[in-house]
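Architecture at a glance
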Amino acid sequence: MQAYFCKKPNDFSDMGAGKASHFLGVMSGTSLDGLDLALCRFETSHSGYQYQILKATTVSYDLVWKKRLTDAAQASAEAWFKLHHECGKFIGEQCLDFLREAQVRPDYIASHGHTVFHRPELGFTTQMGCGATIAAVSGISTICDFRSMDVALGGQGAPLVPIGDALLFSDYEACLNLGGIANVSFAFHQERKAFDICFVNMALNYLCEKIGKAYDENGAIARSEPYVPELVAALLQMHETQNYPSLGREYFERKMQGLLDSPAFSIPQKLASVTEYSARRIVEVMDASLVKRCLLSGGGVYNDFLYETLQEKGQERFIKPDPATIEFKEALIFAFLGYLRVHQEINTLKSVTGSKQNSVGGAVYFR
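Source: prediction; values computed, not measured. (Residues numbered from 1 in each chain as written. Predicted model: local features only at pLDDT ≥ 70, side-chain atom pairs only at ≥ 80, totals over all residues. Heavy atoms only, no water.)

1. Side note on the overall build of the protein
Along the protein, the regular secondary structure elements total 13 helices and 14 strands. A compact globule built from 367 residues would reach a C-alpha radius of gyration of about 21 Å, and the protein, at 20 Å, matches this within 12%. Its C-alpha atoms give the protein principal-axis dimensions of about 60 × 45 × 40 Å. Per-residue burial for the protein yields a buried fraction of 56% across its 367 residues. (Helix = DSSP H or I, 4+ residues; strand = E, 2+ residues; numbered from the N terminus. Rg over C-alpha atoms; globule rule 2.2 N^0.38 Å. Buried < 20%, exposed > 50% of the residue type's maximum accessible area, 1.4 Å probe, protein only.)

Structure, rendered in structure tokens:
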């Protein structure tokens, strides 16, 4: 896969020159599409970072794992920790399978895990997939639990990707990920800003599951019916009371799920309405942030109807990168967050999380 060279902005510390390191980034997104794995190579010099995605894949969750992860929030404490261990075992095994045909062995695995509870206002965040178990199963030192330090310091524990956007993708004014949730990162008055914008694939896939489909391929079902103006208005109104920068499944279940469960409209109408809502909300944020050139990533980029709606409303400001970046940018950046953690460099920015200070997040289990 292609290699990239990225200049380091002046407002981040210089790690100095160093030998190449290999990190396996592992990401499980809120849309439950599957487990993204990206084997990455990083080098530093005094002028920037060089990175390469050597190999990447997505391991789809089967119906059993989807249900287990979806139901995890309702589990007893004992059942939750049992599943936490079993999920770590699953991730460790998938890493081993993935690496069997790789030319290099990573120095570390950097695993985000699968978020189950994210309640920073109560002082905690939890990601399923025990890092100690991943390390034990894989035999590779593992970094995990990237969010807890920021939450302990009074931050939202999210978003974490912006430092990677700043250091690896500084050629773009903004980076927009179209995953389960759309989130954006951009420079504003020499400071990085980032936040969740709206629900995208989490809502679209939720509706598709009601008709026995995992997702709406190319947005074909949404394209088949017109959107419902009153439903779009209700969806947009949700964000008028959103007073923090991160969204999660709890917010989706509390605020959006009831609107999507309304029997008044067909599934195609609801899909069209979610597409319209997402595009309007995203462009509204881009306009308010004065962003004219925005890099896209995430599975939502492959939804042709969503992409066309975005481009139409956004006056062609959105840029599609190469397929590896579209599909594995988050896994790449979590590999990079692990790289920064090992070098004891800042990997979480207070300007985007609202924390008291920048921090170095991640627990490390050495092997």
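2. Some words on the nonpolar core
Counting 48 residues, the largest nonpolar core has Leu176, Leu178, Phe199, Met256 and Ile282 as the members making the most contacts within it. Among the elements that make up this core, the one with the highest residue count is helix 10 (residues 267-288) (9 residues). In contact with Leu176, not counting residues within four places along its chain, are Ala182, Asn183, Val184, Ile197, Ile282, Cys294, Leu295, Leu296, Ser297 and Phe318. By size, the runner-up hydrophobic cluster in this structure holds 35 residues, among which are Ala38, Val161, Leu337 and Leu340. (Core = buried A, V, L, I, M, F, W, Y, C linked by side-chain atoms within 4.5 Å. Contact = heavy atoms within 4.5 Å.)

3. Description of the sheet that holds strand 10 (residues 181-188)
Spatially, 11-10-9-12-13 is the arrangement adopted by the 5 strands of the open sheet, whose pairing is mixed. The open sheet has two free edges, formed respectively by strand 11 (191-199) and strand 13 (318-319), since each of these has just one partner strand. Across 8 bridges, strand 10 lies against strand 11 in antiparallel orientation. Of the residues in strand 11, the one forming a bridge with Ala187 is Arg192. (Pairing = 2+ DSSP bridges.)

4. Remarks on the environment of Leu310
Within the fold, Leu310 resides in helix 11 (residues 304-314). Given the relative accessible area of 0%, Leu310 is considered buried. For the pair Leu310 and Arg281, spaced 29 residues apart in sequence, the C-alpha separation works out to 9.8 Å. Look past the residues within four positions of Leu310 in its chain and what remains in contact with it is Leu178, Ala279, Ile282, Val283 and Phe318.

5. Details of the pattern of salt bridges
Summed over all chains, the structure comprises 15 salt bridges. Across the pair Arg41 and Glu43 runs a salt bridge, and its minimum N-O distance is 2.8 Å. Among the residues examined, Arg41 registers a relative accessible area of 26% and is labelled partly exposed. For the salt bridge of Glu276 with Lys313, the shortest nitrogen-to-oxygen distance reads 2.9 Å. Placement of the pair is Glu276 in helix 10 and Lys313 in helix 11, with a sequence separation of 37 residues. Glu276 gets classed as buried once you look at its relative accessible area, which sits at 7%. Classification of Lys313 as partly exposed rests on a relative accessible area of 32%. What you see here is one network of salt bridges that share partners, running through Arg68, Lys82 and Glu86. (Salt bridge = Lys/Arg side-chain N within 4 Å of Asp/Glu carboxyl O.)

6. Quick notes on the side chain of Thr125
When you line up the elements, Thr125 lands in strand 7 (residues 124-128). Residue classification places Thr125 among the buried residues on the basis of a relative accessible area of 7%. A polar side-chain atom of Thr125 sits 2.9 Å from a polar atom in the side chain of His118. Not counting residues within four places of it along the chain, the set of residues in contact with Thr125 comprises Phe117, His118, Arg147, Ser148 and Val151. (Polar contact = N/O pair within 3.5 Å; in protein donor to acceptor, adjacent residues only side chain to side chain.)

7. Topic: the environment of Ile91
With respect to the helices, strands and loops of the structure, Ile91 is situated in helix 2 (residues 77-99). Each C-alpha atom of the pair Ile91 and Gly155 lies 28 Å from the other, and the pair is 64 residues apart in sequence. Excluding its chain neighbours within four sequence positions, the residues that come into contact with Ile91 are Val26, Leu35, Ser111, Gly129 and Ile134.

8. Considering the packing of aromatic side chains
Working definition: an aromatic ring pair is given by the centre-to-centre distance plus the angle between the planes. Evaluated as defined, the whole model comprises 18 aromatic pairs. Seen in terms of ring centroids, Phe23 and Tyr108 are 5.3 Å apart; in terms of plane orientation they differ by 15°. Their pairing is stacked. Of this pair, Phe23 sits in strand 2 (residues 18-28) while Tyr108 sits in strand 5 (residues 108-111), and the two are 85 residues apart along the sequence. For Phe23, a relative accessible area of 1% translates into the label buried. For the pair Phe186 and Phe188, a centre-to-centre distance of 6.4 Å together with 85° between the ring planes defines the contact as edge-to-face. The class of Phe188 is partly exposed, set by a relative accessible area of 34%. The ring of Phe98 has Lys55 sitting right over it, with the charged end atom 4.6 Å from the ring centre. (Phe/Tyr/Trp six-rings, centres within 6.5 Å; stacked < 30°, edge-to-face > 60°. Lys NZ or Arg CZ within 6 Å of the ring centre and 35° of its normal.)

9. Section: the confidence of the model for the protein
Note that predicted coordinates carrying low pLDDT should not be read in detail. Confidence in the prediction for the protein averages 91 pLDDT; 93% of positions are at 70 or higher. Confidence drops under pLDDT 50 across residues 1-17; counting only partners more than four residues distant or on other chains, this segment forms 59 contacts. (pLDDT = per-residue confidence, 0-100.)

10. Focus: the packing of helix 1 (residues 63-71) against helix 2
In contact at an axis separation of 12 Å, helix 1 and helix 2 are set at 140° when each is read in the N-to-C sense. With respect to helix 2, the axis of helix 1 lies oblique. Of the two elements, helix 1 crosses helix 2, and the hand of that crossing is left-handed. Listed contacts from helix 2 to Trp65, Arg68 and Leu69 of helix 1 are Leu83, Glu86, Cys87 and Phe90. (Axes fitted to C-alpha atoms, helices over the stretch in contact; angles between N-to-C directions. Parallel < 35°, antiparallel > 145°, perpendicular 65-115°, else oblique. Left-handed = near helix turned anticlockwise from the far one by under 90°.)

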